[in-house]
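Listed here are the chains, written in short residue letters.
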Amino acid sequence: MLKKTIIARKMKNKININKKILLLGASSDMGLALLDRLNLSNFTLGAHCYKGEKRIINWIKLKDKKTKLKIMKKNLKDQKSCYALVDEFIKWSGGIDVLVQLNGNISSVVYWDQLKEQDWRKDIAINLGAPFFVAQRVFGHMKKKGGKVILMSTASAKHGGGSDTMGYGIAKAGVEALTKGMAREGGKYNILVNAIAPGLIKTRFHKEKARRTSFEIKKRANLSRLKRIGEPSEIAAVIDLLISDDVNYITGETISVSGGDWI
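Everything numeric here is computed off the predicted structure, so don't read it as measured data. (Residues numbered from 1 in each chain as written. Predicted model: local features only at pLDDT ≥ 70, side-chain atom pairs only at ≥ 80, totals over all residues. Heavy atoms only, no water.)

(A) A look at the overall build of the protein chain. Looking only at helices and strands, the protein chain has 9 helices and 7 strands in total. Against the compact-globule benchmark of 18 Å for 263 residues, the protein chain has a radius of gyration of 19 Å, which places it among compact chains. The principal-axis extent of the C-alpha atoms belonging to the protein chain is close to 65 × 40 × 40 Å. The buried share among the 263 residues of the protein chain stands at 46%. Restricting the contact set of the protein chain to residue pairs at least 6 apart, pairs at least 24 apart contribute 75%. Accessible surface, the protein chain as shown: approximately 14400 Å² in total, 54% of it carbon and sulfur. On the protein chain, the mean spot of the 48 positive side-chain charges and the mean spot of the 24 negative ones are 6 Å from each other. (Helix = DSSP H or I, 4+ residues; strand = E, 2+ residues; numbered from the N terminus. Rg over C-alpha atoms; globule rule 2.2 N^0.38 Å. Buried < 20%, exposed > 50% of the residue type's maximum accessible area, 1.4 Å probe, protein only. Contact = heavy atoms within 4.5 Å. Areas by Shrake-Rupley, 256 points an atom, 1.4 Å probe, with all protein chains shown as cover. Lys, Arg positive; Asp, Glu negative; His and termini not counted. Charge placed at Lys NZ, Arg CZ, Asp CG, Glu CD.)

Structure follows, in structure tokens:
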């Protein structure tokens, strides 16, 4: 009996070995938290970023981890650049098993009726266009043997987005539509597609981009049922679960991680 248990544990430890993951937005707070959580010796990982290359390099130096990781710097501004990123990753890694999309941005934090057209277009391009076109390209490769796609929404998308970030919220609502549509189309190929919708998470955005004070952030956090702000590691934990071979019967879902913010 003991021998069987040991063998079973060894087999379980082989799960996820040498999976090929393309991680969009690896230099974000959530991206670095995911790198922290994953056993990177089990993966071949393409770490995409746009302007955060130094953050990934510093993370690698700090953690001193040995892994097959390639930093892939690219502005995902259009279909051509999105396709090029996927093609570059496939050429380097030899395939793809998992796509995790964490990249995104808000061009201008202003009340919605003051949002300029150029900023609206940027919000849609990076938050909906980039996930759509990358997923489009990945889908063709995953048809051969299946795979997993994990996209990033936001908890406010179901409620119209924030008044001063409405372009972002609308784009993320589109991501949720993409999640369901792609899951429906991918089912026959064993392609599982899900999204995560974070609530208020402790990231650089709130102070650096939205310019919210610590008092304002705390006040907003108290609106959630748990009365606190979420940690990037808590988002990473859900992503890790979806990546694992233990979860293979969830698809087309948007999982809210918001501390009960909207109940």
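(B) Molecular detail of helix H9 (residues 232–243). The first and last C-alpha atoms of H9 sit 17 Å apart over 12 residues, in line with the 16 Å expected at 1.5 Å per residue. Buried within H9 we find Pro 232, Ile 235, Ala 236, Val 238, Ile 239, Leu 242 and Ile 243. Viewed along the axis of H9, the buried residues span an arc of 160°, placing them on a single side of the element. (Expected span 1.5 Å × (residues − 1). Arc of directions from axis to C-beta.)

(C) Examining unusual backbone geometry more closely. Here Asn 190, not a glycine, exhibits a phi torsion of approximately 60°, which is positive. For Lys 227, which is not glycine, the phi torsion reads 60° and is therefore positive. For Lys 227, the location among the structural elements is in the loop between helix H8 (214–221) and H9.

(D) A look at the pattern of salt bridges. Summed over all chains, the structure comprises 13 salt bridges. A salt bridge links Asp 97 to Lys 145, with the shortest nitrogen-to-oxygen separation between them at 3.7 Å. On the criterion of sequence distance, the pair formed by Asp 97 in the loop between helix H4 (79–93) and strand S4 (98–101) and Lys 145 in the loop between helix H5 (117–142) and strand S5 (147–152) is long-range, its members being 48 residues apart. Given the relative accessible area of 16%, Asp 97 is considered buried. Notably, a salt bridge pairs Glu 176 with Lys 158, separated by 3.0 Å at the nearest N-O pair. Residue Glu 176 is found in helix H6 (residues 166–186), and its partner Lys 158 is found in the loop between S5 and H6; the two are separated by 18 residues along the sequence. A relative accessible area of 12% means that Glu 176 is categorised as buried. Sharing partners across several salt bridges, the network here consists of Asp 29, Arg 55 and Arg 204. (Salt bridge = Lys/Arg side-chain N within 4 Å of Asp/Glu carboxyl O.)

(E) Spatial organisation of empty space enclosed by the protein. On inspection of all chains with the given rule, the structure shows 2 cavities of 30 Å³ or more. Each pocket or cavity is described by its volume, and for the largest cavity that value is around 40 Å³. The wall of the largest cavity is formed by Lys 148, Val 149, Ile 150, Leu 192, Asn 194, Leu 242, Val 247 and Ile 250. When residues of the lining of the largest cavity are traced back to their parent elements, those giving at least two are S5 and strand S6 (191–198). Sorting elements by how many residues they give to the lining of the largest cavity places S5 first, with 3 residues. (1 Å grid on protein atoms, 1.4 Å probe; cavity = no way out; pocket = protein on both sides within 12 Å on 5 of 7 lines; lining within 4 Å. Points joined across faces, edges and corners; volume = space filled by probe spheres on them.)

(F) Representation of the environment of Leu 45 in the model. As for its placement among the helices and strands, Leu 45 is situated in strand S2 (residues 43–49). Given a relative accessible area of 1%, Leu 45 falls into the buried group. Between the alpha carbons of Leu 45 and Pro 198 there is a distance of 23 Å; along the sequence they are 153 residues apart. When residues no more than four places from it in sequence are discounted, the contact partners of Leu 45 are Ile 21, Leu 23, Leu 35, Leu 38, Leu 40, Lys 68, Leu 69, Lys 70, Phe 89 and Trp 92.

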